[in-house]
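Commentary on secondary and tertiary structure
Chain residues, written in single-letter form:
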Amino acid sequence: MESLETSQLMPIGRFSRLTGLTVKALRHYDELGLLRPAQVEPATGYRFYGLDQVRRAEAIRTLRRLEVPLDDVAALLATDDPAAVHRMLVDHQRRTAVRSARLNVVLQGLQRLIDGKESLMGTHAEALDAEAQRRLGIDLFNKTWTLIEKAERTREEDDEMIHCAHASAYHWQQVGTAANRARSEWQCSRVYAILGRAEPALDHARRCLELVEANPDVMEEFDLPAAYEALARAHHVAGNADESRRFAGLGREAALAIADDDDRAIMEADFATIPT
């Protein structure tokens, strides 16, 4: 005879239909400790779930539909801290954006093969049209920035960060304006500064300033202070404290001319991260 406790629960099949999670998925989540049954019959191994577990199951379904990794799903369900939830979701959004950018490159490459615009036996950089070059420049710039912001990188990711920055710079050199090229040089300098490599950090920062000063008509208000910021940071890495302070001062003064409050605040925050 069915116990009173079991009669108030529902078998795994009914719970599956109610929540939209497959029986296979429910068994897997049980094994992972992500969604334990309310009760398991010792004799048969049948799993039973309660109505109070429906919300958790639906949350899991929503997160998995958004391709949130299972480890992150467990962490999200385990915390009541809204800031932690927001941080984890933003991190997943960034990873998804990077993956999306990579897939866009794949789709573009497939389309060119399908349309007969490229040979299957070899694709050369010069065969890329301007829009593809521009898209690659943007995607690689963003990928570099994602790696820059990563708290802990592996040696392989450090290598990837360098190569992405230079690859982005290459594509902008083909189709970009002097402003695009200056910002690419700025990013290359930042990458090397982060890695503690003073010589290339200084070299790219100087080139950034050269491009900004030679092409003022195509630059935005933030480009000049950004070039000074790159030089201040690179000189700090090189141990040139006086030069670092000098360029930081020039940069802060130039940043005062930025009309947009948000752009000016971002630049000021960048200078604040350079040790004095």
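To keep things clear, this report deals only with the structure shown in the data block. (Residues numbered from 1 in each chain as written. Predicted model: local features only at pLDDT ≥ 70, side-chain atom pairs only at ≥ 80, totals over all residues. Heavy atoms only, no water.)

Regarding helix α10 (residues 198-214)
With 17 residues, α10 ought to run about 24 Å at 1.5 Å a step, and its terminal C-alpha atoms sit 24 Å apart, in line with that. Of all the residues in α10, the buried ones are Ala198, Ala201, Leu202, His204, Ala205, Cys208, Leu209, Leu211 and Val212. Taken together, the buried residues of α10 touch α8 (155-175), α9 (178-194) and α11 (223-238). (Helix = DSSP H or I, 4+ residues; strand = E, 2+ residues; numbered from the N terminus. Expected span 1.5 Å × (residues − 1). Buried < 20%, exposed > 50% of the residue type's maximum accessible area, 1.4 Å probe, protein only. Contact = heavy atoms within 4.5 Å.)

Comments concerning unusual backbone geometry
Positive phi outside glycine occurs at Glu67, with the angle close to 65 degrees. The topology assignment puts Glu67 in the loop between α4 (54-65) and α5 (70-78).

Regarding the nonpolar core
By size, the foremost hydrophobic cluster in this structure holds 24 residues, and its most contacted members are Ala182, Cys208, Val212, Met219 and Met267. No other element matches the 6 residues that α11 contributes to this core. Filtering out sequence-adjacent residues up to four positions away, Met219 remains in contact with Ala178, Ala179, Ala182, Leu211 and Val212. Membership of the second largest hydrophobic core comes to 19 residues, among which are Leu21, Leu35, Val73 and Met88. (Core = buried A, V, L, I, M, F, W, Y, C linked by side-chain atoms within 4.5 Å.)

Comments concerning the pattern of salt bridges
The full count for this structure, using the stated rule, is 19 salt bridges. The salt bridge partner of Asp30 is Arg47, with a shortest N-O separation of 2.8 Å. You can see Asp30 sitting in helix α3 (residues 23-32) and its partner Arg47 sitting in strand β3 (residues 47-49), a full 17 residues away along the chain. Notably, a salt bridge pairs Glu229 with Arg233, separated by 2.6 Å at the nearest N-O pair. One end of the pair is Glu229 and the other is Arg233, both in helix α11 and 4 residues apart, which spans about a single turn. Like Glu229, the residue Arg233 is buried in the burial classification. Residues joined in a network through salt bridges with shared partners are Arg190, Glu229, Arg233 and Asp270. (Salt bridge = Lys/Arg side-chain N within 4 Å of Asp/Glu carboxyl O.)

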